[in-house]
Amino acid sequence: MTVVAFVSQKGGVGKSTLARALSVEAARAGLAVRMADLDVSQGSQVDWHRDRLAAGLDPAPPVQLHRTLQDALSYAASVDLLTIDGPARADADTLAAARSADLVVLPTGPSLDDLRPAVRVGNSLVKAGIPATRLLYVLTRVSSEAEADAARDYMISAGYRVASGYLPERTAFRTAQNGGRAVTETQYPSLRAAAERVVQALIDALPEEG
Ligand SMILES: Nc1ncnc2c1ncn2[C@@H]1O[C@H](COP(=O)(O)OP(=O)(O)OP(=O)(O)O)[C@@H](O)[C@H]1O
Ligand SMILES: [Mg+2]
């Protein structure tokens, strides 16, 4: 089984969004997927899952709210992929989640105000012994190609991997998720393609099953 953790220091950067997209696309590809929601104060994945079921969308991988990481991980053995959606702020569980994950996805906005704390979280994980190669940054809420390029250069200079592609800032992504869809399921082909490219980058970054 594979565990992918979505973590960040700042809130609202796209952790839940990317966890949904990866979960849905992996399930569509035939994997047994579970979604763990560790954000007990918001329960965003649980609510979204309910919306997804209400809209009759398929596949709808099961979601469960977990108070502890241990509880979430106890399900990992029974599936091919467990996605762990972390809380808004990096906390004690963030390090533990990163330790147990095969891949740690760190979404970040493109401004320096976003990138600096994103680098700090990465640094603290690396300092705690997690190899930088297990971390993958994803640029989200990007407004132009130039902005994406500059943010990518910043993260690479800091010594980190950045997923190819990015999620542009678009109302359509919110609209999709409001209706229980993943960002790979918007009605706009060009936005679907952008989201699919990011999801593919996450899949490509997964270590080979050992
Ligand atoms: N690329 C985007 N364009 C527009 N809106 C987006 C984009 N990505 C995410 N959003 C919206 O921004 C909000 C925050 O996204 P999301 O919930 O995925 O972030 P998060 O990191 O999980 O937040 P939190 O830290 O609060 O858990 C949501 O309303 C989501 O629909
Ligand atoms: Mg969230």
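The structure this text deals with has already been given above.
Note that the structure is predicted; figures quoted are calculated from it, not measured.

Undergrad: Talk me through the packing of helix α1 (residues 15-28) against helix α8 (residues 189-205); I want residue IDs and the actual numbers.
TA: The interhelical angle for the contact between α1 and α8, taken along N-to-C directions, is 75°, at an axis separation of 10 Å. Between α1 and α8, the angle falls in the class roughly perpendicular. Where α1 abuts α8, its residues L18, A21, L22 and E25 lie against V198, V199, L202 and I203. Looking at side-chain class alone, the contact of α1 with α8 contains 7 nonpolar, no polar and 1 charged residues.

Undergrad: Any details on the pairing of strand β5 (residues 103-108)? Residues and values, ideally.
TA: For β5, a buried count of 6 out of 6 residues is recorded, marking the element as mostly surrounded by other parts of the structure. Residues L103, V105 and P107 of β5 are buried on one face, and the alternating residues V104, L106 and T108, pointing to the opposite face, are buried as well. Bridging between strand β1 (residues 2-6) and β5 involves 3 bridges; their strand directions are parallel. By the bridge assignment for β5, F6 is matched with V105. Alignment of β5 against strand β6 (residues 135-142), held across 5 bridges, turns out to be parallel. Following the sheet pairing, T108 is matched in β6 by L139.

Cut-off values and rules
- Residues numbered from 1 in each chain as written.
- Chains lettered and ligands numbered in written order.
- Predicted model: local features only at pLDDT ≥ 70, side-chain atom pairs only at ≥ 80, totals over all residues.
- Heavy atoms only, no water.
- Axes fitted to C-alpha atoms, helices over the stretch in contact; angles between N-to-C directions.
- Helix = DSSP H or I, 4+ residues; strand = E, 2+ residues; numbered from the N terminus.
- Parallel < 35°, antiparallel > 145°, perpendicular 65-115°, else oblique.
- Contact = heavy atoms within 4.5 Å.
- Nonpolar A, V, L, I, M, F, W, Y, C, P; charged D, E, K, R; others polar.
- Buried < 20%, exposed > 50% of the residue type's maximum accessible area, 1.4 Å probe, protein only.
- Pairing = 2+ DSSP bridges.

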